[in-house]
2 protein chains.
Amino acid sequence: MNDKGRAPTISQVAKAAGVNPSSVSRAFSHPELLSHETVALIKATAEKLGYSPNRSAQALSTGRSGNIALVVPDVANPFFPPLIRGAQAEADRSAFCVFIGNTDEDLRKEELLLRRFSGQVDGVVLAAPQMPDERIRAYAERMPLVLVNRDVPGVPRVLIDSAPGIGEAVAHLAGCGHRRIAYIGGPGTSWSNKQRHSAIQKAAARHGLALVKVPNQLPSYEAGRQAVQSIEGAGVTAIVAFDDIIAQGVIAGLAARNIEVPRDVALVACDDTLGVATYPRLTTISNQSEAAGRAAVSLMNDILGSRVARDVRYVLGTHLVIRMTSGVPSPPPD
Amino acid sequence: MNDKGRAPTISQVAKAAGVNPSSVSRAFSHPELLSHETVALIKATAEKLGYSPNRSAQALSTGRSGNIALVVPDVANPFFPPLIRGAQAEADRSAFCVFIGNTDEDLRKEELLLRRFSGQVDGVVLAAPQMPDERIRAYAERMPLVLVNRDVPGVPRVLIDSAPGIGEAVAHLAGCGHRRIAYIGGPGTSWSNKQRHSAIQKAAARHGLALVKVPNQLPSYEAGRQAVQSIEGAGVTAIVAFDDIIAQGVIAGLAARNIEVPRDVALVACDDTLGVATYPRLTTISNQSEAAGRAAVSLMNDILGSRVARDVRYVLGTHLVIRMTSGVPSPPPD
DNA sequence: CTGTTAGCGCTTTCAT
DNA sequence: ATGAAAGCGCTAACAG
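Residues numbered from 1 in each chain as written. Chains lettered and ligands numbered in written order. Predicted model: local features only at pLDDT ≥ 70, side-chain atom pairs only at ≥ 80, totals over all residues. Heavy atoms only, no water.

Participant: Looking at this structure, I do not really get the interface of chain A and chain B. What am I missing?
Facilitator: Contact residues are listed per partner, giving 62 residues for chain A and 63 residues for chain B. Together chain A and chain B conceal approximately 5600 Å² of surface at their shared face, both sides included; 54% is due to carbon and sulfur atoms. Between the two partners, chain A and chain B, sit six salt bridges. For R85 of chain B, the salt bridge identified is with D74 of chain A, shortest N-O distance 2.7 Å. Counting the contacts that link chain A with chain B gives 22 residue pairs in polar contact (both at pLDDT 80 or more). Elements supplying a minimum of two residues to the side of chain A that touches chain B: α4 (55–62), α5 (80–93), β2 (97–102), α6 (107–117), α7 (133–142), α10 (221–231) and α11 (244–256) of chain A. Class assignment for the residues of the side of chain A that touches chain B results in 33 nonpolar, 14 polar and 15 charged. Relative to strand β2 (residues 97–102) of chain B, β2 of chain A runs antiparallel, the two being bridged by three bridges. Note that in β2 of chain B the partner of V98 of chain A across the bridge is I100 of chain B. (Contact = heavy atoms within 4.5 Å. Buried area = accessible area lost by both parts, 1.4 Å probe. Salt bridge = Lys/Arg side-chain N within 4 Å of Asp/Glu carboxyl O. Polar contact = N/O pair within 3.5 Å; in protein donor to acceptor, adjacent residues only side chain to side chain. Helix = DSSP H or I, 4+ residues; strand = E, 2+ residues; numbered from the N terminus. Nonpolar A, V, L, I, M, F, W, Y, C, P; charged D, E, K, R; others polar. Pairing = 2+ DSSP bridges.)

Below, the structure is given as structure tokens:
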């Protein structure tokens, strides 16, 4: 890793400190086994030489790399950066390093990545909304695996449950007097969409609201804009969108028809990836994706320490964040 | 990396194929040295056993890990995800794996991260807007380093030059008849802000526009909202904001005063991190951050292959993307 | 408490 | 074209 002259090794430190290499090793990994003085001496000389343990060598020797991989479909999709951030932060706490992988949902890339990680990660945290269950199971067979937002029984997973947030959202809308609302979905096959869809159906029924369901395959601005035409004349006064990006597209599509949010129609989004940075600020359902990242890594940690049984299912709740697009109740000063 | 039974090793493959371990090694790293048949045989049995080389072992043996680290201040800041994506994509092309590090601009975290990477990365790509030059130089001394958006002579760097885009923006505004514009800045100490500020100053002078400069320390929505009060009554008809997030805050601040974008004032943002996903869609200066990520990794690649001299300075241009917030010229259909 | 020794999985001379 | 052997930097018994 050094430019000129390689990084100092354990034996150089040992020689400089006048001890055996293994003592240097112990000074770092099991200081309890050494006298305070030797530890101090060793650490001092190590510091002086600018030594730090070579992690590849440690990995090879111990069979544990102290690395994990975080594999996501698209780093740049606003859902993931907070997830990554949370994962990285949690990894930091236990001195793990995190590899990042981007699959674009492409099976070949996935394979390649995982192969490339082999021998240098202890486990992988995987977000793969579209991957078939069996494939996931196969991976889980080969290595410690934690899933994000995929509910595959038998595989440890952390799930973000939109139901509570959606419940609040629907209650909020019902309370504002809306009787007929629309749900503009996301990728039909994704676990999240199924889950959100069924949650809103239940909530709408519970509050006696009519629900218009707009299917939609892509979680994009453009898709949101297009979706608007499907609800023209449907008489809805409020819309719930699958995510923030779609919601922005919906705003644009409505604006093109001279319908203004929230003046003419109320809008609730999901995920809260954009909400704070947008005008009008989105009323949205917080997705906790940073927390999910943390949870996933923490779960991985438990698994690697085998402090945990096989089939863990960690569910995070959600809640409604009322800002401007849902109208009525005076929004926070903003 | 396996759950039950460790991953197959080179010698297991060797035994199964009836050859020497070193031949297996060669089959993967230097197939030219072997007869076609042996290579085929070895690859086949490797495949059958599900073997792939242990990268830690390779790293230890060769002194090259094939990994690089990408260290950024905040993964979740919308500027970085595309950068990360680009870096990862480029790394993929040369079979590199990418570690991700988040510093929050905290020196201790930086140190920790870099130390943690030691021995398992060949180099690091660093984005650190606030780090003192000397510190950066010190890092560069210790390891192959590529900088993003920091212009430290002697250290290889890739820079995004906002000047062209800003030039276009100012010309565009001047062409729309604006005579008096404001620039709402970002973190004063950052290279980007200095660079954008001087670019806009020159461009304004060139077009004979009056320029009101609004200093501002934070690149946040709230900061943008606050900044609006500084230009009240300044008579500006157009605003250029340091980045998209600030721009959104500006829109909110203006809206609070019943000033509407673009009806009453034109707005140009920078970075194009939010532009596509927002309403009204921001006219903004594309920052090419994905390209910058690619370039940085590609540069690192060159450096590691020492195909390149010391002091490289790779500059990416920018351009104006006209959407809705700058008014007048009919925006794209959307 | 600390030194000795034998690998971890792979690459790389050096032989043949 | 392939085998044999040493060693990358570190850890983990095992002695003492």
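Having put the structure on the table, let's press on.
Participant: In this structure, what is going on with the relation of the copies chain A and chain B? I would like to understand it.
Facilitator: The two chain copies are connected by a rotation around an axis plus a translation along it. Expressed as a screw transformation, the operator carrying chain A onto chain B has a rotation angle of 180° and an axial translation of 0.1 Å, and the superposed copies differ by an RMSD of 0.2 Å. What the rotation and shift describe, once combined, is the action of a two-fold rotation axis. Comparing interface residues between copies, 100% of those in chain A also sit at the interface in chain B, which points to an isologous, same-surface contact. (Least-squares fit on C-alpha atoms with pLDDT ≥ 70 in both.)

Participant: Any chance you could explain the pattern of salt bridges here in plain terms?
Facilitator: Charged atoms that come close allow side chains of opposite charge to pair. If you walk through the whole model with that rule in mind, you get 41 salt bridges over all chains. Measuring nitrogen to oxygen at the nearest pair gives 2.8 Å for the salt bridge that ties D151 of chain B to R313 of chain B. Residue D151 of chain B is found in the loop between β4 (145–148) and β5 (157–160), and its partner R313 of chain B is found in strand β11 (residues 313–316); the two are separated by 162 residues along the sequence. A residue is classified by how much of its surface remains accessible, and R313 of chain B, at 45% relative accessible area, is partly exposed. Taking the shortest distance from any N to any O, the salt bridge between R157 of chain B and D311 of chain B comes out at 2.4 Å. Highlighted residues: R157 of chain B in strand β5 and D311 of chain B in the loop between α12 (289–304) and β11, separated in sequence by 154 residues. Owing to a relative accessible area of 3%, R157 of chain B belongs among the buried residues under this scheme. Classification of D311 of chain B by relative accessible area gives partly exposed; the value is 45%. Residues joined by salt bridges that share partners form a network here, namely R85, E90, R93, E290 and R294 of chain A together with D74, D104 and K109 of chain B. (Buried < 20%, exposed > 50% of the residue type's maximum accessible area, 1.4 Å probe, protein only.)

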